[in-house]
Amino acid sequence: MALRGICRSVRQLLGQIHQSRPAVVSNQTARCLSQAASEPEPSAEHNEAVNPTFENRNPRNLEQLALAVKDRGWKTSWPHREFYHRLVFSRTQHHVTAEVFSSTSSDPVVTCSTQEWAVKKELPSTRCVAACQAVGEVLAQRCQQAGITRMVYREIPWAYRSNAVQSFRTAMKEGGIILSEPRRKHIGT
């Protein structure tokens, strides 16, 4: 209805311009006067409508809210199974490796090692304290890119106080990774 009124007024205006000026000028003026029809403004009712059959396609939301179920496992098993993501840091005679595992699979989600050429070429040694710090910095960046900001990290007690492990932990924390997970929230039904 409003579109018809706009078209009618544009035709009248073009008729007046055509009568008073030459045809070349009227074509240029007509191009300047044409406009797109305005769209109606959306109402606030549509913004807050929620589909009653909502399906969560991103299960990580429940993890970040601490509502997802954690597999508890046996109390006597070590390491404990109650986690969403677990960080495993290991040192061998020649290399340093860090991996992040999900509770749902046995394959690592994110890994970093001094065996990778990009990390190895920047280091004087692949087993020193600087190598542990570099692996921590790179792994923290990769975890941030993957959207993993919280994970469980439980080091073996007798290896915890070494300078290499402490520099790895510090690099992860400075990279924005929190090395503990929130307690699971239990919601009554």
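Our subject is the structure listed above.
Please read these numbers as outputs of a predicted model, since none were measured by experiment.

Colleague: Please explain the environment of Arg 86 as it appears in this structure.
Modeller: Relative to the helices and strands, Arg 86 is located in strand 1 (residues 85-91). Of the residues examined, Arg 86 reaches a relative accessible area of 21% and is grouped as partly exposed. Separated by 95 residues in the primary sequence, Arg 86 and Glu 181 place their C-alpha atoms 9.5 Å from one another.

Colleague: What should I look at first to understand helix 6 (residues 163-174) in this one?
Modeller: Note that an α-helix has 3.6 residues per turn; residues three or four places apart therefore point the same way. Here helix 6 contains twelve residues, and its C-alpha end-to-end distance of 16 Å stays within 8% of the 16 Å for a straight helix at 1.5 Å per residue. Every buried residue of helix 6 is accounted for by Ala 164, Val 165, Ser 167, Phe 168, Arg 169, Ala 171 and Met 172. In the segment just after helix 6, Gly 176 is the residue with positive phi, at about 95°.

Colleague: Can you help me understand the pairing of strand 3 (residues 108-113) in this one?
Modeller: As a general feature of sheets, a regular strand has side chains that alternate between the two faces. Of the pairings in the sheet, the one linking strand 2 (residues 96-102) to strand 3 comprises five bridges and is antiparallel in character. Residue pairing in the sheet places Thr 97 in a bridge with Ser 113 of strand 3. What sits between strand 2 and strand 3 in their antiparallel hairpin is a turn of five residues.

Colleague: Mind showing me how you'd approach the environment of Ala 140 here?
Modeller: Positionally, Ala 140 belongs in helix 5 (residues 129-146). The exposure class assigned to Ala 140 is buried, which follows from its relative accessible area of 1%. When the C-alpha positions of Ala 140 and Glu 174 are compared, they lie 8.4 Å apart, and in sequence the two are 34 residues distant. Setting aside residues up to four positions removed in sequence, Ala 140 forms contacts with Ala 171, Met 172, Gly 175 and Ile 177.

Colleague: Before we go on, may I ask you to explain the sheet that holds strand 1 in this structure?
Modeller: Within a sheet, neighbouring strands are paired by backbone hydrogen bonds and run either parallel or antiparallel to one another. In space, the three strands of this open sheet follow the order 1-2-3, with antiparallel pairing throughout. One side of each edge strand has no neighbouring strand; the edge strands of this open sheet are strand 1 and strand 3. For this sheet, the mean angle separating the axes of adjacent strands, direction not counted, is 15°. Helix-sheet contacts for helix 5 involve strand 1, strand 2 and strand 3, and the interaxial angle to strand 3 is about 150°. Across the sheet, helix 6 is in contact with strand 1 and strand 2; its angle to strand 1 comes to roughly 145°.

Quick notes on the rules
Residues numbered from 1 in each chain as written. Predicted model: local features only at pLDDT ≥ 70, side-chain atom pairs only at ≥ 80, totals over all residues. Heavy atoms only, no water. Helix = DSSP H or I, 4+ residues; strand = E, 2+ residues; numbered from the N terminus. Buried < 20%, exposed > 50% of the residue type's maximum accessible area, 1.4 Å probe, protein only. Expected span 1.5 Å × (residues − 1). Pairing = 2+ DSSP bridges. Contact = heavy atoms within 4.5 Å. Axes fitted to C-alpha atoms, helices over the stretch in contact; angles between N-to-C directions.

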